[in-house]
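Below, each chain spelled out in residue letters.
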Amino acid sequence: METGLLHTHTLVASLYTLLIIVLSFFIITGNQNAFTSLRLKLRWPRVVLEVVLLATGGILLNRAPDGLSVDYLIKYGLTLVAVVLAVVGFRRYQALPTILSILLLVYVFYASRLHDWRLRSVASRSAGIGELMATSPETQLVDGKQLYHINCVRCHGENGRAQYRKAPDLARFAKGDAYADHLLVNGLNSMPAFAHLNENQRLAVIAYLNSLRGEVQALR
Ligand code: HEC
């Protein structure tokens, strides 16, 4: 669900940015006739894109597994400002507001998609739970569950199946403990590395991961 919504949101954001770039091009090159006729033609598509962009963004904001964060609100606010600037620039046939609008949209896009600063920065801030001395498989699972809730839930969800930001379904994870450990140490694409977890903590999380798959029924 979130994935479909995110795809729609990304698609609409790209189309909208493209539309603003094309219209701005005619303002910058001083081609007022072409601008005016294109602006009229694209008026409704533009309004629809604006509404869908802000609506899907708002829903994503509400559904974020890690709750509402300042970073999300800033991104949403910047998008809102970008939309207003574009509307003002087109209405007044001024290049500056539309260029600013493009820059803001590209920045928000870049921050959200390519570098994922927000998600990565939160990962490095999120804490472990101190040194773990797993004395039995049961306490290891308790530790693992706690670590999972601190570090992983916001993308993978309570049961491993949230699949937020293309995170795979962990209840189906079957690539083995060594792979999981490597992933936790190094990260992969938008999955951040969890360098602050020590070996025992990683083992505990992996044990909990295996329990999600139903191998260990306890603590589900
Ligand atoms: C910022 C979101 C995010 C967080 C937080 C996160 N993951 Fe992931 N995880 C992902 C994404 C995205 C992938 C897919 C990476 C890829 O293949 O490109 C992934 C992949 C995985 C995989 C491999 C699944 C497979 O089938 O290949 C495992 C295992 C995993 N994560 C475990 C964890 C654990 C354990 C934690 C907590 C310590 C965690 N993840 C935290 C986003 C996240």
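Predicted model only: the values in this text are computed from it and were never measured.

## Focus on the overall build of the protein
In terms of helices and strands, the protein carries 10 helices and 0 strands. From first element to last, N terminus to C terminus, the protein shows the α and β order α-α-α-α-α-α-α-α-α-α. In the protein, the share of contacts with a sequence separation of at least 24, taken over all contacts with a separation of at least 6, comes to 64%.

## Digging into the site of the ligand
Taken together, 25 residues lie near the ligand, and C152, C155, A167, N189 and M191 sit nearest. Listed by contribution, the elements that provide at least two residues to the shell around the ligand are α6 (117-125), α8 (153-156), α9 (177-186) and α10 (199-212). For the shell around the ligand, the per-class residue count stands at 17 nonpolar, 4 polar and 4 charged.

## Comments concerning the confidence of the model for the protein
For the protein, the mean per-residue pLDDT works out to 82, and 82% of the residues sit at or above 70. For the protein, α6 is the element with the lowest average pLDDT, namely 43, and helix α2 (residues 32-41) is the one with the highest, namely 94. Across residues 115-132, where pLDDT falls below 50, the model places 25 contacts with residues more than four positions away in sequence or in other chains. Within the model, pLDDT remains below 50 along residues 216-220, and this stretch shows 9 contacts once partners closer than five positions in the same chain are excluded.

## Structural notes on unusual backbone geometry
Positive phi is not limited to glycine here, since Y93 has a value of about 55°. When you line up the elements, Y93 lands in the loop between α4 (70-92) and α5 (95-114). For Y93, a count of 14 C-beta atoms within 10 Å corresponds to the partly exposed category.

## Let's talk about the packing of α9 against α10
Between α9 and α10, the shortest axis-to-axis distance is 10 Å and the interhelical angle comes to 125°. In terms of axis orientation, α9 runs oblique to α10. In the crossing of α9 with α10, the sense of the turn from one axis to the other is right-handed. Together, D177, A180, D181 and L184 of α9 and R202, V205, I206 and L209 of α10 make up the contact between the two elements. Of the residues in the contact of α9 with α10, the class split is 5 nonpolar, no polar and 3 charged.

## Some points on the nonpolar core
The biggest cluster of nonpolar side chains holds 21 residues, and the ones touching the most others in it are A204, V205, A207, Y208 and L209. Looking at this core, the elements that each hand over two or more residues are α7 (137-151) and α10. Of all the elements, α10 adds the most residues to this core, at 8 residues. In contact with L209, other than residues within four places in its own chain, are L170, F173 and A180. Ranked by size, the runner-up nonpolar core spans 17 residues in total, among them F35, L49, L53 and L104.

## As for the packing of helix α3 (residues 43-63) against α4
Where α3 contacts α4, the two axes come as close as 11 Å, and the packing angle between them is 170°. With respect to each other, α3 and α4 are oriented roughly antiparallel. The residues of α4 that touch α3, namely those facing E50, L53, L54, G57 and L61, are Y72, Y76, T79, L80 and V83.

## Concerning α4
The terminal C-alpha atoms of α4, which comprises 23 residues, lie 33 Å apart, in line with the 33 Å expected from a rise of 1.5 Å per residue. Y93 sits one or two positions beyond α4 and adopts a positive phi of about 55°.

## Considerations on the environment of S112
With respect to the helices and strands, S112 occurs in helix α5. Judged by the 23 C-beta atoms lying within 10 Å of it, S112 is buried. With 40 residues separating them along the chain, S112 and Y72 place their C-alpha atoms 9.2 Å apart.

## Some points on the environment of A111
With respect to the element layout, A111 can be found in helix α5. Sequence-wise, A111 and D71 are 40 residues apart; in three dimensions their C-alpha atoms are separated by 9.9 Å.

Conventions we followed
- Residues numbered from 1 in each chain as written.
- Predicted model: local features only at pLDDT ≥ 70, side-chain atom pairs only at ≥ 80, totals over all residues.
- Helix = DSSP H or I, 4+ residues; strand = E, 2+ residues; numbered from the N terminus.
- Contact = placed C-beta atoms within 7 Å.
- Near = placed C-beta within 6 Å.
- Nonpolar A, V, L, I, M, F, W, Y, C, P; charged D, E, K, R; others polar.
- pLDDT = per-residue confidence, 0-100.
- Buried ≥ 20, exposed ≤ 12 C-beta atoms within 10 Å, placed from the backbone.
- Axes fitted to C-alpha atoms, helices over the stretch in contact; angles between N-to-C directions.
- Parallel < 35°, antiparallel > 145°, perpendicular 65-115°, else oblique.
- Left-handed = near helix turned anticlockwise from the far one by under 90°.
- Core = buried A, V, L, I, M, F, W, Y, C linked by C-beta atoms within 7 Å.
- Expected span 1.5 Å × (residues − 1).

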